[in-house]
Amino acid sequence: MDFLEFSEKNIICFDGGTGTLLQERGLMPGEHPETWNITHPDVITDIHKAYFDAGSNVVCTNTFGANALKFSDEELENIIKNAINNAKNAINLSKTPHEKFVALDIGPSGKLLKPLGDLDFEDAVSVFAKTVKLGVKYGADLILIETMNDSYETKAALLAAKENSALPVIVSNAYGEDGKLMTGATPEAMTAMIEGMGAFAVGANCSLGPKQLSPVVERILAVSSIPVIMKPNAGLPKSENGKTVFDVGEEEFAQEMEILLKKGVRIAGGCCGTTPAYIKALKEKISKTAPVPVTKKDITVVSSYTKAVPFGKEPLLIGERINPTGKKRFKQALVENDVSYILSEGIGQQEKGAHILDVNVGLPEIDEQKMLVCAVTELQAVVDIPLQIDTSDACAMEKALRRYNGKAMINSVNGKEESMHAVFPLVKKYGGVVVALTLDENGIPETARGRVNIAKKILETAKEYGIEKKDIVFDALALTISADARAAKTTLEAVKLIKDELHAHTVLGVSNVSFGLPNRSAVNSLFFALALGNGLSSAIINPYSAEMIKTYYSFRALAGLDENCADYINASKEFSETTFGSTDAGAKSGDAKEQESALKNAIIKGLKDKAAQYTKALLEKESALDVINTEIIPALNIVGEGFENKTVYLPQLLISAECAKSAFEVIKNAASREKSADNGIFVLATVKGDIHDIGKNIVKLLMQNYGFDVVDLGKDVPPEVIVEKTVELHAPLVGLSALMTTTVPAMEETIKQLRKSAPWCKIIVGGAVLTKEYADKIGADKYAKDAMESVRYAQEITGKQ
């Protein structure tokens, strides 16, 4: 029986943690666990066998950190080959009768992807692809991508797995206490993207114990149409007598997991701190629990890097301003490669209430493929709403979809055979909700029934590609009434028929109806109201049009979608042409509050080029110190406070920090910036044995922007090197980072040596495996749960407010 066949009627039991067990067997601080596949195969095999004996159906190879960034090609192949052989040997040695499989385990690369970090998306795909190919070569039964805390890296790993194997792929992310990934994604957003790309299962692991992780898993269960995996830690870690222990025992762990099994979890196991004893207790619960069938949720949803936007709850607004059609200034921006203008249009439309942004950069005189990829990657870094990739060029569409961080809306396909055969494979591979135009080789039908018939044909063909109705939104095509008096009536009939007969969602480019007429906004807004009344799901509109926004909020209030008319009342404050401006929103889309300058606003919004431009202009009339103290630092504080209050996500924090960095570069070039005092030195390192430097690099960037002189020693740094540099510089502050439980002992050893040789320094620690209690136990002065907390503590210690 293969894995997929077994999974149909059974709850699958995975294994538990590996790192703590290896430490008990002698893994030294800073030693790479993956090398034990070669140097200690008997130990690895014995651990796998213990899990199989405890009841695991699947064990994960000891390859969590095995990737091309950490090992040479020869080392990597040797590690993966031996890792899979060790797991297979354990199957042969285990005498328990249940089904057994081997999962190739893939963890994070340890790098942030561009533009937040220095690893290009395609390079990340290549890194994961090498691991996947070797897993296939040496006989893994399935792939587990786990502990991912960034949606973009998750996509890179999943894409590598799907492109280089036919194995079932399970994707599990590490969520924080706030129910989000480190870079801000919600469970619903991750489920939309992962399910859309064709993973076998989706879920959560690590970071939290079973009780704390349950709310995240329940949210995934509510929206997922594929099996859900849950692999929590054994509670929270703490240090006892120099040993890492966890605060949830085997029976409590199993009892909490049983609750989720009964709610629908179909794949269960453990992460940090769990042992074969935990899995044995879990297996007993599984054996007494009937599997809950996996059900189709039929949710039409698109997503960004942070949020999911479902269709059906209320009408959605798709901003139309990023499109050169009829927009002279936008055409100029495309020709001049003025990306800042494009970003301003995107930010402005989001601020005006758009739920999704249409992105169309098609001009004959530019390279559309290159510009579309640029626009998508730059926009998704400064706005957190989904994008609609709008192009008739299938190659440009694929390049943009590949780089998109989420589940995109795709505009468009139509009923022509050529169009469907070009676009549907892309929808299937990358995931997305595709706009389907109700036209075919014979043109646009004159009747509503004719358009519905084309919609049916599109659904039938989509099914052949494995694309469900939930991932198609039909455009019933708004045509100008100036050329056909019945055009609007036909479109409205088609919208209603598609909703009532096909039970599908719809979209319209509303303003097309008034083409060639005077006072177009009056016609557009009334047509919009009629369409909404006929069940229109979404509309491509200009969010700066006061008449359209009035219609939208009025409809929501009248349709019972606005409790106490709160949104209508709030929006009515802006119901004036003077507020919304003309149809050319370019000059207004970057507006800040009156008290905020252009530079401050550019930093807050993440407009890097504008930040540099405004800094240069300010330096002509203000001192560098004034610019720093009255513009740059206040902007960083606004973003930092938003991050601390959970209204700003990590990518926005980092993009703003990069903007501030570009402003500082201008200042440095214009005049020497004051150097930080000696008490502003901050020594920073990822501890011995740990190659994950994401957290360290985030802290570095923010500390530099707040005026600290950061000495970055890198990753995998021995305690002696950290101590030597701290003593040499007489640094008052040291920051230590660790991601894995196996490297926390190295952090503890570093702290001991610092206390002996540099007793004056304050030590800040951070990382996914740490808690305040744990940090106190190993002797740190401060546990910082995020980068901003590190900055605040450093300011407190040095007096650099």
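Owing to the predicted nature of the structure, the values given are computational and were not obtained by experimental measurement. (Residues numbered from 1 in each chain as written. Predicted model: local features only at pLDDT ≥ 70, side-chain atom pairs only at ≥ 80, totals over all residues. Heavy atoms only, no water.)

**Details of the sheet that holds strand 15 (residues 387-390)**
- With parallel pairing, eight strands are arranged side by side around a closed barrel as 13-14-15-16-17-18-19-20. Direction aside, the axes of adjacent strands within the sheet are offset by 30 degrees on average.
- As defined by bridge partners, strand 16 (residues 409-414) adjoins strand 17 (residues 433-437) across five bridges and the pair is classed as parallel. Its bridge partner being in strand 17, I410 is matched across the sheet by V434. (Pairing = 2+ DSSP bridges. Helix = DSSP H or I, 4+ residues; strand = E, 2+ residues; numbered from the N terminus. Axes fitted to C-alpha atoms, helices over the stretch in contact; angles between N-to-C directions.)

**Re empty space enclosed by the protein**
- For the structure on display, the rule yields two cavities of 30 Å³ or more.
- Within this model, the largest cavity holds a volume of roughly 140 Å³.
- In terms of lining, the largest cavity is formed by 15 residues, of which the most central are P115, L116, Y152, Q380 and N405.
- In terms of residue count, the dominant contributor to the lining of the largest cavity is helix 14 (residues 368-382) (three residues).
- Grouping the constituent residues of the lining of the largest cavity by class yields eight nonpolar, five polar and two charged.
- Counting the residues that make up the lining of the largest cavity, at least three belong to each of domain 1 (3-287) and domain 2 (310-562). (1 Å grid on protein atoms, 1.4 Å probe; cavity = no way out; pocket = protein on both sides within 12 Å on 5 of 7 lines; lining within 4 Å. Points joined across faces, edges and corners; volume = space filled by probe spheres on them. Nonpolar A, V, L, I, M, F, W, Y, C, P; charged D, E, K, R; others polar. Domains from an automatic or database assignment.)

**Details of the packing of helix 14 against helix 15 (residues 394-403)**
- Packing of helix 14 against helix 15 leaves a shortest axis separation of 9 Å and a crossing angle of 25 degrees. The angle between helix 14 and helix 15 places the two elements in the roughly parallel class. Where helix 14 crosses over helix 15, the handedness of that crossing is right-handed. Judged by residue contacts, Q369, L372, V373, V376, T377 and Q380 of helix 14 engage C395, A396, M397, K399, A400 and R403 from helix 15.
- When grouped by side-chain class, the residues that make up the contact of helix 14 with helix 15 number seven nonpolar, three polar and two charged. (Parallel < 35°, antiparallel > 145°, perpendicular 65-115°, else oblique. Left-handed = near helix turned anticlockwise from the far one by under 90°. Contact = heavy atoms within 4.5 Å.)

**With respect to the side chain of N149**
- Relative to the elements of secondary structure, N149 occurs in the loop between strand 4 (142-148) and helix 7 (151-164).
- Ignoring anything within four residues of it in the chain, the contact list for N149 reads A174, L181, M182 and T183.

**Overview of the packing of helix 16 (residues 417-430) against helix 17 (residues 448-464)**
- Across the interface, helix 16 lies against helix 17 with an axial gap of 10 Å and an inter-helix angle of 45 degrees. In terms of axis orientation, helix 16 runs oblique to helix 17. As for the relative orientation of helix 16 and helix 17, their crossing is right-handed in sense. On helix 17, the residues that touch M420, H421 and F424 of helix 16 are I458, T461 and A462.
- Residues belonging to the contact of helix 16 with helix 17 are distributed by class as follows: four nonpolar, two polar and no charged.

**A short note on the pattern of salt bridges**
- Within this structure, the stated rule accounts for 42 salt bridges.
- The shortest N-O distance in the salt bridge between R402 and E163 comes to 2.7 Å. Taken together, the residues R402 in helix 15 and E163 in helix 7 connect sequence positions 239 residues apart.
- Several salt bridges share partner residues, and in doing so they unite E122, E163, R402 and K429 into one network. (Salt bridge = Lys/Arg side-chain N within 4 Å of Asp/Glu carboxyl O.)

**Quick notes on helix 4 (residues 41-54)**
- End to end, helix 4 covers 20 Å across 14 residues, agreeing with the expected 20 Å (1.5 Å per residue, within 8%).
- Buried residues belonging to helix 4 abut helix 2 (19-24), helix 3 (36-39), strand 2 (58-60), helix 5 (73-93), strand 3 (101-106) and helix 11 (276-287).
- Of the residues one or two after helix 4, G55 is the one with positive phi, at around 125 degrees. (Expected span 1.5 Å × (residues − 1).)

**Focus on the sheet that holds strand 6 (residues 201-205)**
- Spatial ordering of the open sheet is given by 1-10-7-6-5-4-3-2, a layout of eight strands whose pairing is parallel. Unpaired on one side and paired on the other, strand 1 (12-13) and strand 2 mark the two borders of the sheet.
- Pairing analysis gives two bridges linking strand 1 to strand 10 (residues 267-268), with the strands arranged parallel. In the strand pairing of strand 10, I12 is matched with I267.
- Against the sheet, helix 6 (residues 121-137) contacts strand 3 and strand 4, and its axis sits at roughly 165 degrees relative to strand 3.

**Observations concerning the nonpolar core**
- I145, V217, V265, F474, L508, F528 and I632 are the most contacted members of the largest nonpolar core, which totals 205 residues.
- Ignoring anything within four residues of it in the chain, the contact list for F528 reads L317, V510, L536, A539, M548, T551 and Y552.
- Within the second largest apolar cluster, 26 residues are counted, among which are V683, V723, M747 and A775. (Core = buried A, V, L, I, M, F, W, Y, C linked by side-chain atoms within 4.5 Å. Buried < 20%, exposed > 50% of the residue type's maximum accessible area, 1.4 Å probe, protein only.)

**With respect to the confidence of the model for the protein**
- In the predicted model, the protein carries a mean pLDDT of 92, and 96% of its residues have values of at least 70.
- Contacts of residues 577-595 to residues separated by more than four positions or lying in other chains number 37 contacts, the stretch itself having pLDDT below 50.
- This stretch, residues 673-679, has a pLDDT under 50; its non-local contacts, to residues over four places away or in other chains, come to twelve contacts. (pLDDT = per-residue confidence, 0-100.)

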